[in-house]
Amino acid sequence: MSELLRIEGLTIAPALHPSRKLVKDVSFALDAGRTTCIVGESGSGKSLTALSVMGLLPPVLQRQSGRVLFQGNDLTTYSQLQLQDIRGKRIGMIFQEPMTSLNPVLNIGYKIG
């Protein structure tokens, strides 16, 4: 199997309270063609980790450290325009409440249309 995604030392904190770590030093790797589940209690950082991979953290949060390697490319160095180009085409996310939330990857015109 080839490695598809690698998270190395990911740390996320509120921008206004950087000493309050919401995700601290998370590392894992996912292989192509394999199903992997990330489980944990509510509030343990699963969704924040996934949002960080997609480059979709809200502005009140910041990735303090870590790398997100997708097919060997560090997504943390990508611009929002570069991330938009791969979201939905090469990488995606299934949101927790898909029937009650808007997908931030799609623009509002597409959603309404």
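Here the structure is shown first, and the text comes after it.
Residues numbered from 1 in each chain as written. Predicted model: local features only at pLDDT ≥ 70, side-chain atom pairs only at ≥ 80, totals over all residues. Heavy atoms only, no water.

Whenever I open this one, the overall build of the protein chain confuses me. Can you help?
Check the secondary structure of the protein chain and you find three helices and four strands. Starting at the N terminus and ending at the C terminus, the protein chain contains elements arranged as β-β-α-β-β-α-α. Taking all 113 residues of the protein chain together, the buried fraction comes to 25%. Considering only intrachain contacts with a sequence separation of at least 6, the fraction spanning at least 24 residues in the protein chain is 56%. (Helix = DSSP H or I, 4+ residues; strand = E, 2+ residues; numbered from the N terminus. Buried < 20%, exposed > 50% of the residue type's maximum accessible area, 1.4 Å probe, protein only. Contact = heavy atoms within 4.5 Å.)

How should the nonpolar core be read in this particular structure?
Grouped together as the largest cluster of nonpolar side chains are 18 residues, with contacts concentrated most on Leu5, Ile7, Ile12, Val53, Val68, Leu75 and Ile91. Those elements giving two or more residues to this core turn out to be strand S1 (3–14), helix H1 (46–54), strand S3 (61–70) and helix H2 (80–86). Among residues more than four places away in sequence, those in contact with valine 53 are Leu5, Ile7, Val68, Leu75 and Ile91. (Core = buried A, V, L, I, M, F, W, Y, C linked by side-chain atoms within 4.5 Å.)

Whenever I open this one, the side chain of threonine 49 confuses me. Can you help?
Considering the arrangement of structural elements, one finds threonine 49 in helix H1. Since its relative accessible area comes to 7%, threonine 49 is described here as buried. When neighbours within four sequence positions are excluded, threonine 49 is seen to be in contact with Leu10, Ile12, Val23 and Phe28.

Can you walk me through the pattern of salt bridges in this structure?
Side chains that carry opposite charge are capable of pairing whenever their charged atoms lie near each other. Tallying each qualifying case throughout the model produces three salt bridges. A salt bridge links glutamate 8 to arginine 67; the shortest N-O distance between them is 2.9 Å. Remark: arginine 67 occurs in strand S3 and glutamate 8 occurs in strand S1; sequence separation between them is 59 residues. Looking at arginine 67, the relative accessible area reads 38%, which means it is partly exposed. (Salt bridge = Lys/Arg side-chain N within 4 Å of Asp/Glu carboxyl O.)

Quick question: what am I supposed to make of the layout of surface pockets here?
By volume, the largest pocket is sized at about 700 Å³. Together, 24 residues line the largest pocket, and Leu30, Ala50, Gly92, Met93 and Ile94 are the ones closest to its centre. Only S1, strand S2 (23–31) and H1 provide two or more residues apiece to the lining of the largest pocket. In terms of residue count, H1 provides more of the lining of the largest pocket than any other element does, seven residues in total. (1 Å grid on protein atoms, 1.4 Å probe; cavity = no way out; pocket = protein on both sides within 12 Å on 5 of 7 lines; lining within 4 Å. Points joined across faces, edges and corners; volume = space filled by probe spheres on them.)

Please clarify how H1 should be interpreted in this entry.
Because an α-helix packs 3.6 residues into every turn, residues spaced three or four apart end up facing the same way. Among the residues of H1, Leu48, Thr49, Leu51, Ser52, Val53 and Met54 are the ones counted as buried. Those residues of H1 hidden inside the fold are in contact with S1, S2, S3 and H2. In the stretch just after H1, glycine 55 is the one whose phi turns positive, near 75 degrees.

Explain the pairing of S3 to me, please; I cannot follow it from the model alone.
Where a strand is regular, its side chains alternate between the two sheet faces. Pairing analysis gives eight bridges linking S1 to S3, with the strands arranged antiparallel. Looking across to S3, one finds that leucine 5 is bridged to phenylalanine 70. Pairing geometry for S3 and strand S4 (residues 73–74), over two bridges, is antiparallel. Looking at the pairing, leucine 69 lines up with aspartate 74 of S4. Between S3 and S4, which pair antiparallel in sequence order, lie two residues; one of them, glutamine 71, sits at a positive phi of approximately 50 degrees. (Pairing = 2+ DSSP bridges.)

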